[in-house]
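Observations on the model geometry
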Amino acid sequence: MPGATDSAGAPDPQGPGRLPERVAAVVPAKDEGARLGATLEALSRVESVDLVVVVDDGSTDETLSVARRHGAETVRHETNMGKAQAMTSGAEVVRRLEAAEGQHRTDVPRALLFVDADLEDSAANLGVLCVPVLAGDADMAIATLPPQRTAGGGFGFVVQMARDGIAQLAGRTMVQPLSGMRCITREAFEAVLPLARGWGVEVGLTVDVLRNKGRVVEVPVELHHRVTGRGLRAQLHRMRQYRDVARALKVRERG
Ligand SMILES: Nc1nc2c(ncn2[C@@H]2O[C@H](COP(=O)(O)OP(=O)(O)O)[C@@H](O)[C@H]2O)c(=O)[nH]1
Ligand SMILES: [Mg+2]
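Residues numbered from 1 in each chain as written. Chains lettered and ligands numbered in written order. Predicted model: local features only at pLDDT ≥ 70, side-chain atom pairs only at ≥ 80, totals over all residues. Heavy atoms only, no water.

Notes on the overall build of the chain
Each helix and strand counted, the chain has 8 helices and 7 strands in total. Expressed as a percentage of the 255 residues in the chain, the buried residues total 51%. (Helix = DSSP H or I, 4+ residues; strand = E, 2+ residues; numbered from the N terminus. Buried < 20%, exposed > 50% of the residue type's maximum accessible area, 1.4 Å probe, protein only.)

Remarks on the coordination of the magnesium ion (ligand 2)
Ligation of the magnesium ion (ligand 2) by protein atoms is provided by Asp118 (OD) and His225 (ND1), these donors lying 2.2 to 2.3 Å from the ion. Here His225 lies in the loop between strand 7 (216-220) and helix 8 (232-252) and Asp118 lies in the loop between strand 4 (111-114) and helix 4 (127-134), a separation of 107 residues in the sequence. (Donors = N, O, S within 2.8 Å, 3.2 Å for Na, K, Ca; no water.)

A closer look at the sheet that holds strand 6 (residues 182-184)
Taking strand neighbours across the sheet as the criterion, the 7 strands line up as 3-2-1-4-6-5-7 in an open arrangement whose pairing is mixed. Since the sheet does not close on itself, it has two edges, and those belong to strand 3 (73-77) and strand 7, each with one partner. Sheet twist, expressed as the average angle between the axes of neighbouring strands with direction ignored, equals 20 degrees. The sheet contacts of helix 7 (residues 201-211) involve strand 5 (140-144), strand 6 and strand 7, and relative to strand 6 the element is tilted by about 35 degrees. (Pairing = 2+ DSSP bridges. Axes fitted to C-alpha atoms, helices over the stretch in contact; angles between N-to-C directions. Contact = heavy atoms within 4.5 Å.)

Examining the environment of Glu190
Within the fold, Glu190 resides in helix 6 (residues 186-191). Residues Glu190 and Ala91, 99 residues apart in the sequence, show an inter-C-alpha distance of 9.2 Å. Polar side-chain contacts of Glu190 include one of 3.2 Å to the side chain of Arg95. (Polar contact = N/O pair within 3.5 Å; in protein donor to acceptor, adjacent residues only side chain to side chain.)

Brief notes about the confidence of the model for the chain
Averaged over every residue, the pLDDT of the chain is 91; the share at 70 or more is 89%. Throughout residues 1-15 the model reports pLDDT below 50, and contacts reaching past four residues in sequence, or to other chains, amount to 6 contacts. (pLDDT = per-residue confidence, 0-100.)

A few points about the nonpolar core
In terms of nonpolar packing, the biggest core is built from 37 residues, with Leu112, Ile184, Leu195, Val203, Leu205 and Val245 touching the most fellow members. Membership of the second largest hydrophobic core comes to 33 residues, among which are Ala29, Val49, Val52 and Ala141. (Core = buried A, V, L, I, M, F, W, Y, C linked by side-chain atoms within 4.5 Å.)

Written out as structure tokens, the structure reads:
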């Protein structure tokens, strides 16, 4: 019926079919004062990004002041709440800022670009990750990284568990299942909230977006980050990552 206003027939001004034109970068950061400045400077050179939100997750260094000095929007967790909660808080800030931009705006909400704080200059290369999302060819684009300059890593078993788990639960074999650099439409992001906890967030996102019939692509991007070494801190990081990835997979087994 012409003029019908039922939800099935009414055109949704924010709905499918309309593409985001701009990107909000969300940078979760814990004690990244030494690298964050270079990362933010590089991000300012990514054309599609017109809003940057740094989430200081209980840092004890100058992360927050570095973020402010570089003109980023900031939000701070007084205590460390983990990467997933940092991503959620960052997205909330974007939502709030867009609401404050005014009622007259009919723009499609910005896509979100999650960016690790330790990429430094290489963050300038993230524009290519946004292209398929802004073009409407993907709901989520995940960066794959080239071999890193510094030797290290050693996440082989966590990566394998993540890859196998995603394949089993969602039928896709990801090249780099733990990659944190992702561009995603707001629609796809909001549909999968709440995020998997802690370091399980990437695996959870991938499984959930795929299960929602989202189009997910992996895009090679020239990115370099601090490679986690083999010391005690690194081993702890790996253990937590293992625990969180295993949990994210486990809770999705029934879904
Ligand atoms: N929110 C939050 N972010 C963290 C935490 N620890 C590290 N990060 C951020 O998560 C990203 C990836 O961390 P990183 O230590 O580089 O891990 P890796 O790349 O897997 O070796 C970086 O942006 C860190 O600043 C944390 O406890 N909470
Ligand atoms: Mg890193």
